[in-house]
Amino acid sequence: MEGGRGAPLKDEELPYMEKSLSYAHALLSPVHRSHIDRHGFFEGTPGDYTTVCIDNKACVFVYYENGIAKCSLERVYNDKKSEWKKPISCHLFPIRVLNGKAGYIRYEKIPECDAGIVKGIKEGTSLIEFLEEPLRRRFGDDWYKNIILQLNGVQK
Ligand code: SF4
């Protein structure tokens, strides 16, 4: 996916990323590795950090498996070498949290998610349900329970 800036990061996520990078490094291509070694993995200023993208395309943490782009930070988590999965903005995507406030979220519609929409409609799974884990991680269990109650109310 092309895009100007990488994934938005919370300041407190940087140390977790640094830690995961010690394992993720070996998964990355020489181009991504050397980019991180020379320029680091994030850019911006406090309160407005993002991951770095290479040539306006892949995030530096992307690695490829059978031609499929995957997140090396998530792989480190799946391999149980870290208890931190990946930036919450990535985990929540295509939901975006605006201004860091819990009360204002939006759905970002991009063509890459079209197949997911078709699957969700076929299986009767809403985006809110599909993103249960990151929504609980970001807003807490009570918030999630409430939004499901509200959704069910709307559907009655
Ligand atoms: S999911 Fe991983 S590879 Fe993708 S933008 Fe986020 S940190 Fe980068």
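Coordinates for the structure precede this section.
Presented here is a report on the structure given in the accompanying data block. (Residues numbered from 1 in each chain as written. Predicted model: local features only at pLDDT ≥ 70, side-chain atom pairs only at ≥ 80, totals over all residues. Heavy atoms only, no water.)

## Re the pairing of strand β5 (residues 68-71)
Regular strands place their side chains on alternate faces of the sheet.
Okay, so step 1: Bridge analysis of strand β4 (residues 62-65) against β5 gives four bridges, and the strand direction is antiparallel. Note on β5: the bridge partner recorded for E65 is I68. (Pairing = 2+ DSSP bridges. Helix = DSSP H or I, 4+ residues; strand = E, 2+ residues; numbered from the N terminus.)

## Comments concerning the nonpolar core
Okay, so step 1: If you look at the biggest cluster of nonpolar residues, it comprises 15 residues, and the most contacted ones within it are L14, M17, L21, I36, F41, V60 and F61.
Okay, so step 2: Top contributing element to this core by residue count: helix α1 (residues 14-24), with three residues.
Okay, so step 3: When near neighbours in sequence (up to four residues on either side) are disregarded, V60 contacts L28, H32, H35, I36, F41, V52 and I54.
Okay, so step 4: If you look at the next biggest cluster of nonpolar residues, it comprises nine residues, including I128, F139, Y144 and I147. (Core = buried A, V, L, I, M, F, W, Y, C linked by side-chain atoms within 4.5 Å. Buried < 20%, exposed > 50% of the residue type's maximum accessible area, 1.4 Å probe, protein only. Contact = heavy atoms within 4.5 Å.)

## Topic: the pattern of salt bridges
Okay, so step 1: Here the structure, examined in full by the defined rule, presents 14 salt bridges.
Okay, so step 2: R96 is the partner of E108 in a salt bridge, and the nearest nitrogen-oxygen pair spans 3.6 Å. Taken together, the residues E108 in the loop between β7 (105-107) and α5 (114-123) and R96 in strand β6 (residues 95-97) connect sequence positions twelve residues apart. (Salt bridge = Lys/Arg side-chain N within 4 Å of Asp/Glu carboxyl O.)

## Overview of the sheet that holds strand β2 (residues 42-45)
Okay, so step 1: On the basis of which strands lie adjacent, the open sheet formed by three strands has the order β1-β3-β2 and antiparallel pairing. The strands lining the two open edges of the sheet, one partner per strand, are β1 (8-9) and β2.
Okay, so step 2: Across four bridges, β2 lies against strand β3 (residues 48-51) in antiparallel orientation. Directly across from T45, in β3, lies its bridge partner D48.

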